[in-house]
Amino acid sequence: MTRKITMLLLAGVAAIILVQCGTPRTQPTSYPDAVYARYLSAAEPTAGIAAQFNTPILRWPAEKEKTAHYDVRLSRDSLFGSDETLHRENIPWALFNPHQRLAEGTWYWQYRLSGGTWSALQTFQVTPKAITLVSPPVDRFLAGIPTHHPRLLADGSDTTRIRSLPMNSDVQAIIHEAEMVLKRNIITEQRGLPNRQLNDAEQNRKLAQDASKKLGDFAYGATLPLCQAYLLTGDNRYRLHAIRIAKEVATWDPQGISQISDFGNARCMLALALVFDTFQASLTAAERSAMIRPIAERAVGFYTSWRNDVEAKILSGHVWQHILHYFFQTGIAVYGEIPEAAEWIEYAYELFLARAPVLGGVDGGWIEGASYFRMNMATLIDIPLTIKQYTGFDFINAHPWYTNTVDWLLYHVPPGSSADGFGDNTEEIFSPGVAYIAYADMLARLTGNPKAAGYVEMCRQYENLDITADRSLRWIRLARTEDRDIPSLASVELETGKIFREIGLAALHSNPGNTPENLVVAMRSSPFGSYGHFLSDQNAFNILYGGKRAFFRTGYKVTMKDPHRTGWYQHTKSNNSVLIDGAGQPYSVEAYGWMPRFLQGEDMAYVMGDASAAYSSAETGEDYGLKKFHRHLLLLKPDIIVVYDELEADHPASWSWLLHSMAEIHIDTVANRFSSHFDGFSGAGKLWTPSAVSWSLADTFEVRAENWRGSRNPQGELKRYDDGQWHLKAINVSKVRSTRFLAIFQVGPSVNIEAAEEMYQDGVLSISLGDWDIRAQLDTAHSPGLSVTNRSGTTAFSTHAAQISLAGKTFGQQEDSAKLAEKLSNHIRYVEASDELPYAIQQRLLIGSKNKKK
């Protein structure tokens, strides 16, 4: 991003003009089929793009043949004749990390199947703006692995220090868990069979997975605290019982019941590796051999299925959540004992450094949502710490995501508040809870980021939780960061809004840092599209007040293929978005969005989402003819939210504007007003559109949610899927090719939407509410436009106008840009934002596509 700053003296007042410019500056005339294809379809980096990192990772489409190997060459010489040309041959996976800093300038590279024909010439630029991220080669990592044991939970030479740790709450919790394990019976393989059958094949498949997973949960859940407690105390009871459990797990068929669940399979593998590593000196040769065999068989199964697949796939959720971490640890535990372990470690090492954080971006965040991020926390922390332990390379402090993702915590999982609502299972996140407090505490210790420490303290104002209860990071905190202090708290200044452009999330807050009086509206429009645990919710928004949900997406994730999830929960119809002819967005990576513009100031914040590419997918065979869906979202302090939609289709269409509420919706169909009363506050709004609409209101899901799986909440109670959520729909009576919607919300302890004054003239709607005057062009025969001023004369904003005026002065340097001017204490602050493409879309546009969305 380039910034141009000009100082002007305006009648004795200094006006700061700040122009934000994206690259390119205008909307793309066509859209790539997908930004993140399900599988990588073109080599990257290429087409002369400026590399985001130095060193860049070279990736290419993987061959379907699992045993395929590749050659790569990289040079500043397009003929590859230079002595500086890097060659790597016989690579068993589809990526290459040069592991060295590249000189600035143009670079050329090619790949091929080993011994085959070279690919077309690929090019990229290394510029001074590239983020330095030079990791050491895997040989250095392998050389750092000690020859002695243990290695995983402690370095053999460090066991004395661990045994002398003070008896703090973490130590007490581990010993307590170990004592509980001693009292339980060791289960047998047959416990992994489901105890009931239903009349649905898919439901029975899931029940079988759940039952199988319990085997791994027992194996790992029992051996881990036993190994940890032994290292802390030296009590042989823990050692003997851990070995007994491992000997039982070693008898389980690696191709049988225990591998039906990949999580269960991986936990069986790691449980054996933990015992093998922690108690290696106590095991007989026969015991070691009995454990090595199933460890190897399970690890080979993962490695064989991943290679030439996971590195080229947009996401393999279970791999990145836990299993890659388990696999990495297992390889380290048996390195030197199993010859193939070196290759397993190399693959995991290269894969992590190439792709992590797989669902984040340089600017932070996690597109899979607040619930599933918890399952990635240990992987994202422990693998880099292990790399640093053996090589000295500090990935956590080298990659900007770890610093910037604290902003995602603050704005999308705010202290004392429900999460933003995007992604599977976020309906269960009513507060950050112990997992997020423990994670932020860990980031504060590892990075010294005062924002992370501030997040911890702010969370504890609302939740007095002991982070000891979070098992995933407990040992890391105890063994690896025990001597690191949390940085001293500094005042954390929180802006009105925050955008995470690379993953397509934004949140606007009226009073960040003060949850009880904070109005939040969050929107998702993501280049990742819809896949895995991220849903068909491009340009959807959620509204919260005081940390509580108000107008919010609905439904429950029962299982991935459950009829309620596929027919409601993952569908656009369950979100505050738009349908065309009753159809929502395909569940596909090709149905994506992005956020071109963002501005924030003292009294307002603005973000624009573009979901024009979200209603068609060749992958699913759906194309609903939508050509334009721009959503402009504003938060006007203290209690007003404005939503302005531009919609176009290639045919006369029926447009459905959707709104969902956590409380009963009351509707006035004559005035087009709606309202809900929540716990301690209310929300009301009004909808305007150029043509008449009909209203539909329901308080039931189209597809019922049932807990046939028997899922339980953290308190051990059966989950209840209450059908007490409300669903409002406004549909234009006459079909039209293009339309616009304007919705104004007022949310807080005291609302009076009826007091809004309105005037409609020449297609322009003027609204006065509170301290704000809002003007919107609703007539589709005229160019779109939304402008806002406040009556105190301190703010002027427009989405499309060539110029805006404030305090008798005129501002505007680009015609197609959003503009905000604010009169502050001694100057006027002016900000201008044209479209800014995320890095991934820039790359796809440069690469081009044979079948672009027009």
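To be clear, the structure that these remarks concern was listed above.
Residues numbered from 1 in each chain as written. Predicted model: local features only at pLDDT ≥ 70, side-chain atom pairs only at ≥ 80, totals over all residues. Heavy atoms only, no water.

1. A short note on the packing of helix 6 (residues 262–278) against helix 7 (residues 285–306)
Working step 1: Two elements in contact, helix 6 and helix 7, have axes whose closest approach is 9 Å; the angle formed by their N-to-C orientations is 145 degrees. Between helix 6 and helix 7 lies a crossing of left-handed hand. Residues D262, N265, A266, C268, M269, L272, A273, V275 and F276 of helix 6 touch helix 7, and the partners they reach there are R288, M291, I292, P294, I295, R298, A299 and F302.
Working step 2: Class assignment for the residues of the contact of helix 6 with helix 7 results in 13 nonpolar, one polar and three charged. (Axes fitted to C-alpha atoms, helices over the stretch in contact; angles between N-to-C directions. Helix = DSSP H or I, 4+ residues; strand = E, 2+ residues; numbered from the N terminus. Left-handed = near helix turned anticlockwise from the far one by under 90°. Contact = heavy atoms within 4.5 Å. Nonpolar A, V, L, I, M, F, W, Y, C, P; charged D, E, K, R; others polar.)

2. Quick look at the nonpolar core
Working step 1: Core analysis: the biggest nonpolar cluster contains 167 residues, and W60, W320, F352, I381, Y402 and Y439 have the highest contact counts within it.
Working step 2: The greatest single-element share of this core, amounting to twelve residues, is contributed by helix 4 (residues 201–233).
Working step 3: Beyond its immediate sequence surroundings of up to four residues, I381 is in contact with I396, Y402, Y439, M442, L443, L446, L473 and I476. (Core = buried A, V, L, I, M, F, W, Y, C linked by side-chain atoms within 4.5 Å. Buried < 20%, exposed > 50% of the residue type's maximum accessible area, 1.4 Å probe, protein only.)

3. Some points on helix 4
Residues separated by three or four positions in an α-helix point in the same direction, a consequence of the helix having 3.6 residues per turn.
Working step 1: The terminal C-alpha atoms of helix 4 lie 48 Å apart, and with 33 residues this matches the ideal 48 Å at 1.5 Å per residue to within 8%.
Working step 2: In terms of burial, helix 4 is largely enclosed, as 24 of its 33 residues are buried.
Working step 3: A distance of 2.9 Å separates the backbone nitrogen of E202 from a side-chain oxygen at the start of helix 4, and that oxygen is part of D200. (Expected span 1.5 Å × (residues − 1). Polar contact = N/O pair within 3.5 Å; in protein donor to acceptor, adjacent residues only side chain to side chain.)

4. Details of the packing of helix 4 against helix 6
Working step 1: Between helix 4 and helix 6, whose axes approach to 7 Å, the crossing angle comes to 25 degrees. In terms of their interaxial angle, helix 4 and helix 6 are classed as roughly parallel. Considering how the two elements wind past one another, helix 4 and helix 6 form a crossing that is left-handed. Contacts between helix 4 and helix 6 involve S212, K213, L215, G216, D217, A219, Y220, T223, L224, C227 and L231 from the former and F263, G264, R267, C268, L270, A271, L274, V275 and T278 from the latter. (Parallel < 35°, antiparallel > 145°, perpendicular 65-115°, else oblique.)

5. A word on the sheet that holds strand 25 (residues 666–668)
Working step 1: As summarised here, the arrangement of the eight strands in space is 18-19-22-23-30-27-26-25, forming an open sheet in which the pairing is antiparallel. The sheet is open, and its two borders are formed by strand 18 (594–600) and strand 25, each paired with just one other strand. Sheet twist, expressed as the mean angle between neighbouring strand axes with direction ignored, is 15 degrees.
Working step 2: Sheet analysis places strand 18 next to strand 19 (residues 604–610), joined by five bridges and oriented antiparallel. (Pairing = 2+ DSSP bridges.)

6. Thoughts on the side chain of K686
Working step 1: Locating K686 in the fold gives a position in strand 27 (residues 682–688).
Working step 2: According to the relative accessible area criterion, K686 is buried, its value standing at 13%.
Working step 3: Of the polar contacts made by the side chain of K686, one reaches the side chain of E758; its length is 2.6 Å.
Working step 4: Excluding residues that lie within four positions of it along the chain, K686 makes contacts with A671, N672, R673, F674, L742, A743, I744, I753 and E758.

Interpretation note: all reported values are geometric properties and have no functional meaning in isolation.
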